[in-house]
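Listed below are the residues making up each chain.
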Amino acid sequence: MAPLLDSLGQKLAEKWLSALAAPGLAFVAAVTTGAVLGQGAALDRSLLFERVGHWAAEAARWPAVGQLALAGAVIIASVAVGTFVRTCAEGAERVWTGDWPSKARRLADRLTARRLRRWEQIQSRIDEHRRAAPAHQRGEQVRNELDELAARRDGIALAGPRRPTFTGDRMAATETRLRHQYGIDLASCWTRLWLVLPDDVRTELRASRARFGAAVAGSVWAGCYAVLGCFWWPAALVALVVGLVAWRRGRQAGTVHAELVESTVDIYLRRLADELGLDTPDGPPDLRVGAAVNRVARKSA
């Protein structure tokens, strides 16, 4: 048992170090560099090396206790910054998913309405093409136009936009599509479905969720570097790069996670109904299966 606990503790320490201390240490180093150089000598490496060399020489003359205290202070500062970013990421996730506070509701409503108008315009053109040419009469050109319009529509949202952000609508579309397909209330039934999933499916869902969380945290780091850029302009460039990477990865990770959740329900809803002992028709799950699962999940409420 002791070797197992030691191994577990080592893995947790490594995960903690990579998640909090490492990016926090990089930011502390950037803050220190900015404090030394400022805006006027932002890229003066000789000045930076001179100051750092002087500090290192001074620290080398300190007693061992003082050197350990300095190292501990740096690590604590790094972890504190990392913890702050992780805490802020919880709020940033609400921004990503469009769950904005009431004070920003007017802006959220305007952005949602704008996205909905664009989505409905494209959907209207799709409907016109379909009415003008039934499926068995469509030529290659019409099919290509429909595919292009569908891709543009889905680039906005897979269902009618209900959130001010792409990621928020992608996740909301999962609930909408599953409700239309199976009549299932995903929020009420997800916990029960989770209990019947194989371990490898749970692992993949956790991993996709973690990738999205990491991208959201990256956007918070970009904000931190942007603030630092007000005092040391190279940090603004770092903020731009980190922000673009976080935005791209966040959209991808949110889309993949939503698709995984939807696919999980497609594949394992029937297993959930069987595990609950529900009397449902054989074959692929349908609205009757979803209604039966809802009754159990909601306790007929």
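Residues numbered from 1 in each chain as written. Predicted model: local features only at pLDDT ≥ 70, side-chain atom pairs only at ≥ 80, totals over all residues. Heavy atoms only, no water.

(A) Region of interest: the overall build of the chain. Counting its secondary structure elements, the chain contains ten helices and zero strands. From first element to last, N terminus to C terminus, the chain shows the α and β order α-α-α-α-α-α-α-α-α-α. Considered along the principal axes of its C-alpha atoms, the chain spans approximately 85 × 55 × 40 Å. Burial status across the chain gives 35% buried among its 301 residues. Accessible surface computed for the chain: about 18400 Å², of which carbon and sulfur atoms make up 60%. If the 41 positive side-chain charges of the chain are averaged to one point and the 31 negative ones to another, these points end up 5 Å apart. (Helix = DSSP H or I, 4+ residues; strand = E, 2+ residues; numbered from the N terminus. Buried < 20%, exposed > 50% of the residue type's maximum accessible area, 1.4 Å probe, protein only. Areas by Shrake-Rupley, 256 points an atom, 1.4 Å probe, with all protein chains shown as cover. Lys, Arg positive; Asp, Glu negative; His and termini not counted. Charge placed at Lys NZ, Arg CZ, Asp CG, Glu CD.)

(B) Representation of helix H10 (residues 287-298). Here H10 contains twelve residues, and its C-alpha end-to-end distance of 16 Å stays within 8% of the 16 Å for a straight helix at 1.5 Å per residue. Lining the buried residues of H10 we find helix H6 (166-182), helix H7 (186-195) and helix H9 (234-275). Positive phi shows up at Lys299, right after H10, with a value of about 55°. (Expected span 1.5 Å × (residues − 1). Contact = heavy atoms within 4.5 Å.)

(C) Representation of the nonpolar core. Grouped together as the largest cluster of nonpolar side chains are 24 residues, with contacts concentrated most on Phe27, Val216, Trp221, Tyr225, Leu228 and Trp232. When residues of this core are traced back to their parent elements, those giving at least two are helix H1 (2-37), helix H3 (64-96), helix H8 (199-229) and H9. Counting residues per element, this core draws most heavily on H8, which supplies eight residues. The residues contacting Val216, other than those within four sequence positions of it, are Ala89, Ala92, Glu93 and Trp96. Among the nonpolar cores identified, the runner-up in size contains 19 residues, and Leu178, Leu186, Leu193 and Leu269 belong to it. (Core = buried A, V, L, I, M, F, W, Y, C linked by side-chain atoms within 4.5 Å.)

(D) Spatial organisation of the packing of H3 against H8. At a minimum axis distance of 8 Å, the contact between H3 and H8 shows a crossing angle of 110°. Taken together, the axes of H3 and H8 lie roughly perpendicular to each other. When H3 is examined against H8, the residues Val81, Gly82, Val85, Cys88, Ala89, Ala92, Glu93 and Trp96 are found in contact with a partner set consisting of Arg209, Phe212, Ala215, Val216, Ala217, Ser219, Val220, Trp221 and Cys224. Looking at the contact of H3 with H8, its residues break down into 13 nonpolar, two polar and two charged. (Axes fitted to C-alpha atoms, helices over the stretch in contact; angles between N-to-C directions. Parallel < 35°, antiparallel > 145°, perpendicular 65-115°, else oblique. Nonpolar A, V, L, I, M, F, W, Y, C, P; charged D, E, K, R; others polar.)

(E) Expanded view of the pattern of salt bridges. Applying the stated criterion across every chain yields a total of nine salt bridges. Two residues, Asp185 and Arg298, come together in a salt bridge whose shortest N-O distance is 3.3 Å. Of this pair, Asp185 sits in the loop between H6 and H7 while Arg298 sits in helix H10, placing them 113 residues apart in sequence. (Salt bridge = Lys/Arg side-chain N within 4 Å of Asp/Glu carboxyl O.)

(F) Structural view of the packing of aromatic side chains. On inspection of all chains with the given rule, the structure shows four aromatic pairs. Consider the rings of Phe27 and Trp221, whose centres lie 6.1 Å apart with planes at 55°: the pair is tilted. Separated by 194 residues along the polypeptide, Phe27 in helix H1 and Trp221 in helix H8 bring together distant segments of the chain. Like Phe27, the residue Trp221 is buried in the burial classification. With a centroid separation of 6.1 Å and an interplanar angle of 90°, the aromatic rings of Trp96 and Phe212 are classed as edge-to-face. (Phe/Tyr/Trp six-rings, centres within 6.5 Å; stacked < 30°, edge-to-face > 60°.)

(G) Main features of the confidence of the model for the chain. This prediction gives the chain a mean pLDDT of 85; 92% of its residues lie at or above 70. For residues 1-9, every residue scores under 50 in pLDDT, and the model assigns this stretch zero contacts once sequence neighbours within four places are set aside. (pLDDT = per-residue confidence, 0-100.)

(H) Quick look at the side chain of Thr112. Along the chain, Thr112 falls in helix H4 (residues 105-132). Every residue in contact with Thr112, bar those within four places of it in the chain, is listed here: Pro161, Arg162, Arg163 and Pro164.

(I) A look at the side chain of Thr264. Looking at where Thr264 falls in the secondary structure, it is placed in helix H9. Beyond its immediate chain neighbours, meaning those up to four positions away, Thr264 contacts Trp190, Leu193, Leu197, Val201, Leu205 and Leu269.

(J) The arrangement of the packing of H8 against H9 in detail. Close contact between H8 and H9 brings their axes to 7 Å; oriented N to C, the two are set at 160°. With respect to each other, H8 and H9 are oriented roughly antiparallel. The element H8 and its partner H9 pack so that their crossing is left-handed. Of the residues assigned to the contact of H8 with H9, the class counts are 19 nonpolar, nine polar and four charged. (Left-handed = near helix turned anticlockwise from the far one by under 90°.)

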